[in-house]
Number of protein chains: 2
Amino acid sequence: MSEYRAFNNISSYWMEGKGSDSDIVISSRVRLARNSPEYPFPDHMTLQQERDFLNRVQAIPKTKAGNHLEDLEFIDLSLIPKEEKMVLVEKHQISPQLALSQGATGILINAAETLSVMINEEDHIRIQSIYPGLSVDQCWEKAAAADEMISRYVPPAFSPKWGYLTSCPTNTGTGMRASVMLHLPALVYTKQAKNTLDSLGKYGFTCRGLYGEGTDGKGNLFQISNQITMGLSEQEIIEGLNGIVGEIVAKEREMRKRLLERDRIFLEDRVFRAEAVLKNARLLDSNEGFTLLSALRLGSDLKLVQGYSAKEFNQLLLLMQPVILEKMNRKKLTRNEMMKCRADLIRNKLTGGDRL
Amino acid sequence: MSEYRAFNNISSYWMEGKGSDSDIVISSRVRLARNSPEYPFPDHMTLQQERDFLNRVQAIPKTKAGNHLEDLEFIDLSLIPKEEKMVLVEKHQISPQLALSQGATGILINAAETLSVMINEEDHIRIQSIYPGLSVDQCWEKAAAADEMISRYVPPAFSPKWGYLTSCPTNTGTGMRASVMLHLPALVYTKQAKNTLDSLGKYGFTCRGLYGEGTDGKGNLFQISNQITMGLSEQEIIEGLNGIVGEIVAKEREMRKRLLERDRIFLEDRVFRAEAVLKNARLLDSNEGFTLLSALRLGSDLKLVQGYSAKEFNQLLLLMQPVILEKMNRKKLTRNEMMKCRADLIRNKLTGGDRL
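Residues numbered from 1 in each chain as written. Chains lettered and ligands numbered in written order. Predicted model: local features only at pLDDT ≥ 70, side-chain atom pairs only at ≥ 80, totals over all residues. Heavy atoms only, no water.

### Quick notes on the overall build of chain A
Regarding its fold elements, chain A presents 13 helices and 10 strands. A globule of 356 residues ought to have a C-alpha radius of gyration of about 21 Å, and chain A, at 21 Å, matches this closely. Overall, chain A is about 65 × 45 × 30 Å in size when its C-alpha atoms are taken along their principal axes. A total of 356 residues make up chain A; the buried ones form 59% of that total. Taking the intrachain contacts of chain A between residues at least 6 apart in sequence as the baseline, contacts between residues at least 24 apart amount to 72%. Surface summary for chain A: the accessible area is close to 14,800 Å², and the carbon and sulfur share equals 51%. Separation of charge centres in chain A, based on 46 positive and 45 negative side chains, amounts to 4 Å. (Helix = DSSP H or I, 4+ residues; strand = E, 2+ residues; numbered from the N terminus. Rg over C-alpha atoms; globule rule 2.2 N^0.38 Å. Buried < 20%, exposed > 50% of the residue type's maximum accessible area, 1.4 Å probe, protein only. Contact = heavy atoms within 4.5 Å. Areas by Shrake-Rupley, 256 points an atom, 1.4 Å probe, with all protein chains shown as cover. Lys, Arg positive; Asp, Glu negative; His and termini not counted. Charge placed at Lys NZ, Arg CZ, Asp CG, Glu CD.)

This is the structure in structure tokens:
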């Protein structure tokens, strides 16, 4: 098992459950796509070019100016087994594509895991910043500072007409993807989620699940991000996102209030059942885990149950993932063993035997 | 609300959870169909004839010899609202047909509810005896004694060739239906129930659910009874039933042992989840109630959970029925109110606030 900090740290700062509207907004993220004009885009690079570029970026934190990039740790992902790389995927620090890549890829990541730089993914460089709560501005500030520093050593391909050039044209322009992860159980329970989220498209935003497209609504978690990267400034995109998220948050709060007032017994039934099952099940699959943790988290937000923290829920969502369960158990697990480990983990954490 | 004992007594002796093999055999029952040659069968009787016959049978407990029939209470069912009659159906003391009948019908029933006599149901007289555990012989003894007494006053239609004549030819002969109610969760969990119970036909026995045909397996409860009433003596039928039930009970025990040895985690998961949900749900429908109580009862039988009694489970199966819930709440309930009352009842009983 690798000794890199990022593989052994089970907590990222974005899981702290802090920040603005943190009862609904789990985390915010800004990602910047950058490429060097000195190389072809990654899908056309030779292994030698990849290695060469990786070495250049790897060296940046050791430079004098690069020290401002904090305590960045470099990980040469080509030396890491796929199973271990999946830990970073489950922590939302790298994409599944990067974990599966056969090339010379790497990541720079700080101790708090609020800043990371993927190297030779779809673009040469992808700078990512994640913070808890509604904090897109903070993410942008962090990512922009890293961008400025890195661009001194690896000047980006930039066209006055098109903006930042990217491997996929959908990212060209700002090269920015700003997103927030929202927990919207009340919108789902009251069947308002689909309508609310389907209308995002016309404002230039899109909705995906916790682990990307096709996972919408797992654990009632939805990721809202900008679809448009060209023709708007970074500030305009961020303002637009903050505005639309503010509306969704208000609607979720309204539905939570309505549930409490009109369907309290239905809500209590969901919440108390979820708590009971999480504290007593001996086998738990991932989907049920997501569903029950969502209900319990809502109950905690609405003070129907006591003694839980947002951090605890965020960490459980992470820890119950397959690869991390295997890492904690230091072996491959069968499906049944996985269900048992997941149930044991959550039961022990929630019943206080092993409180986070 | 009627003041008759049978409507207000929420416990019948058969629910005591006593007797042979009472971890698997909930109760035993013998029913005897008898008719008077002086009247047409009930479906051809005039209301005057029904009333006349009802009066004759009603008078029997007041006779000197009839005193041996214990503390029988007579209820003129034509004076009782349908909703109230359903209480007796849910207590397995009268058939749904009798509750729905528009005619002059009645019942004699003792305080322990181990003996009852339905009047003007499908047959003029149906004598029924129910005891807890595997106790078909005891039921037969009780029913036969009542039969002997009643036949002094209302001699039965009997043909030396055909035996007791009945309204439906499937009952002709002994007029006897002997049955046992079995709790077979391990056979169900290990998918052995269907095979085991489907084979009963060739031995002249049949399987139905707790509330008759079409309810097979609700709460993993199965009622085994003789199909053949002619060509065998009562003793032969009872011996046959005792034999076949002994085999099913042995198989259920074997599967319980196998589950404990080979699938303990699966079993624990079911049992602990059931206990958790029953103690915490705020809404509970009847089917889920049956399923969860069955799992918890199995867990109690296997000592995976402590502090429950068979009597408690039997009473909850009864009390959570719709009509009895309405009776306890003294009003008609909507579907949601019913689910809430059921959840409240079970939660309060099991968490000790209102221990039976």
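The structure having been displayed, the exposition proceeds.
### Description of the sheet that holds strand 5 (residues 125-132) of chain A
Sheets are built from strands that pair by backbone hydrogen bonding, the pairs being arranged parallel or antiparallel. Residue and element names in this part refer to chain A. Pairing is antiparallel in the open sheet, where 8 strands are placed in the order 2-3-4-5-1-8-10-9. The open sheet has two edge strands, strand 2 (73-76) and strand 9 (205-208), and neither has a second partner. Recorded for the sheet is a direction-independent mean angle of 20° between the axes of neighbouring strands. Looking at chain direction, strand 1 (residues 25-34) and strand 5 are connected through 8 bridges and run antiparallel. (Pairing = 2+ DSSP bridges. Axes fitted to C-alpha atoms, helices over the stretch in contact; angles between N-to-C directions.)

### Here's the deal with the interface of chain B and chain A
The interface of chain B with chain A comprises 15 residues on the first partner and 15 residues on the second. Summing both partners gives a buried area of about 1,400 Å² for chain B against chain A, and 66% of it is carried by carbon and sulfur. Between chain B and chain A we count 2 salt bridges in total. The salt bridge involving Glu288 of chain A is made with Arg273 of chain B; its shortest N-O contact spans 2.7 Å. Summed over the shared surface of chain B and chain A, the number is 8 residue pairs in polar contact (both at pLDDT 80 or more). Top element by residues in the side of chain B that touches chain A is helix 9 (residues 264-280) of chain B. It accounts for 9 residues. Of the residues assigned to the side of chain B that touches chain A, the class counts are 8 nonpolar, 1 polar and 6 charged. (Buried area = accessible area lost by both parts, 1.4 Å probe. Salt bridge = Lys/Arg side-chain N within 4 Å of Asp/Glu carboxyl O. Polar contact = N/O pair within 3.5 Å; in protein donor to acceptor, adjacent residues only side chain to side chain. Nonpolar A, V, L, I, M, F, W, Y, C, P; charged D, E, K, R; others polar.)

### Thoughts on the pairing of strand 1 of chain A
Residues and elements named next belong to chain A. Across the 10 residues that make up strand 1, a large majority, 10, are buried. Note: strand 1 against strand 8 (residues 176-183), 7 bridges, orientation antiparallel. Bridge pairing in strand 8 links Val30 to Ala178.

### Focus on the relation of the copies chain B and chain A
Overlay of chain B on chain A (RMSD 0.1 Å): rotation 180°, translation along the axis 0.1 Å. Classification of the inter-copy transformation places it as that of a two-fold axis. In terms of proximity to the rotation axis, the leading residue of chain B is Ala276 of chain B, whose C-alpha is 2.5 Å off the axis. Looking at chain B, 100% of its interface residues are interface residues in chain A too, so the copies touch through the same face. (Least-squares fit on C-alpha atoms with pLDDT ≥ 70 in both.)

### Let's talk about helix 5 (residues 136-153) of chain A
All names here are of chain A. With 18 residues, helix 5 ought to run about 26 Å at 1.5 Å a step, and its terminal C-alpha atoms sit 26 Å apart, in line with that. Within helix 5 the residues assigned to the buried category are Val136, Cys139, Trp140, Lys142, Ala143, Ala146, Asp147, Met149 and Ile150. Among the structural elements, strand 1, strand 4 (115-119), strand 5, strand 7 (163-164), strand 8 and helix 8 (234-262) are those in contact with the buried residues of helix 5. (Expected span 1.5 Å × (residues − 1).)

### A short note on the sheet that holds strand 4 (residues 115-119) of chain B
Residue and element names in this part refer to chain B. One open sheet accounts for 8 strands, arranged 2-3-4-5-1-8-10-9; its pairing is antiparallel. The open sheet has two edge strands, strand 2 (73-76) and strand 9 (205-208), and neither has a second partner. Averaged over all adjacent pairs, the angle separating strand axes in this sheet is 20°, with direction ignored. On the sheet, helix 2 (residues 47-59) packs against strand 2, strand 3 (106-109), strand 4 and strand 5 (125-132) and is oriented at approximately 165° with respect to strand 2.

### Observations regarding the environment of Leu197 of chain A
Residue and element names in this part refer to chain A. Structurally, Leu197 can be placed in helix 7 (residues 193-198). With 138 residues separating them in the primary sequence, Leu197 and Ala59 have C-alpha atoms 43 Å apart. Apart from residues lying up to four places away in sequence, Leu197 is in contact with Leu184, Cys207, Phe222, Ile224 and Ile248.

### Quick look at the environment of Lys327 of chain A
Residue and element names in this part refer to chain A. Tracing the chain through its elements places Lys327 in helix 12 (residues 322-329). Among the residues examined, Lys327 registers a relative accessible area of 15% and is labelled buried. Note: C-alpha distance between Lys327 and Val154 (173 residues apart in sequence) is 36 Å.

### Here we look at unusual backbone geometry
A positive phi is found at Asn120 of chain A, a non-glycine position, where the angle reads about 65°. Mapped onto the elements, Asn120 of chain A comes out in the loop between strand 4 and strand 5. We note that Glu113 of chain B has phi near 60°; this positive angle belongs to a residue other than glycine. One can find Glu113 of chain B in the loop between strand 3 and strand 4. For Glu113 of chain B, a relative accessible area of 1% gives the class buried.

### As for the side chain of Thr190 of chain A
Residue and element names in this part refer to chain A. Residue position: Thr190 is located in the loop between helix 6 (185-189) and helix 7. Looking at Thr190, its side chain comes within polar contact range of the main-chain oxygen of Ala186, at 2.7 Å. Once residues lying within four places of it in the same chain are set aside, the contact partners of Thr190 are Met255 and Leu259.

### A short note on the environment of Cys139 of chain B
All names here are of chain B. Within the secondary structure layout, Cys139 lies in helix 5 (residues 136-153). Each C-alpha atom of the pair Cys139 and Gly209 lies 20 Å from the other, and the pair is 70 residues apart in sequence. In this structure, Cys139 is in contact with Ser28, Arg29, Val30, Ser129, Ile130 and Tyr131, ignoring residues within four places of it in sequence.

### Focus: the pattern of salt bridges
Residue and element names in this part refer to chain A. Overall, the coordinates contain 48 salt bridges over all chains when judged by the stated rule. The partner of Asp23 in a salt bridge is Arg253, with the nearest N and O atoms 2.5 Å apart. Of this pair, Asp23 sits in the loop between helix 1 (5-8) and strand 1 while Arg253 is found in helix 8, placing the two residues 230 residues apart along the sequence. By relative accessible area, Asp23 is classed as partly exposed at 26%. You can call Arg253 partly exposed: its relative accessible area is 33%. Residues joined by salt bridges that share partners form a network here, namely Glu121, Glu122, Asp123 and Arg126.

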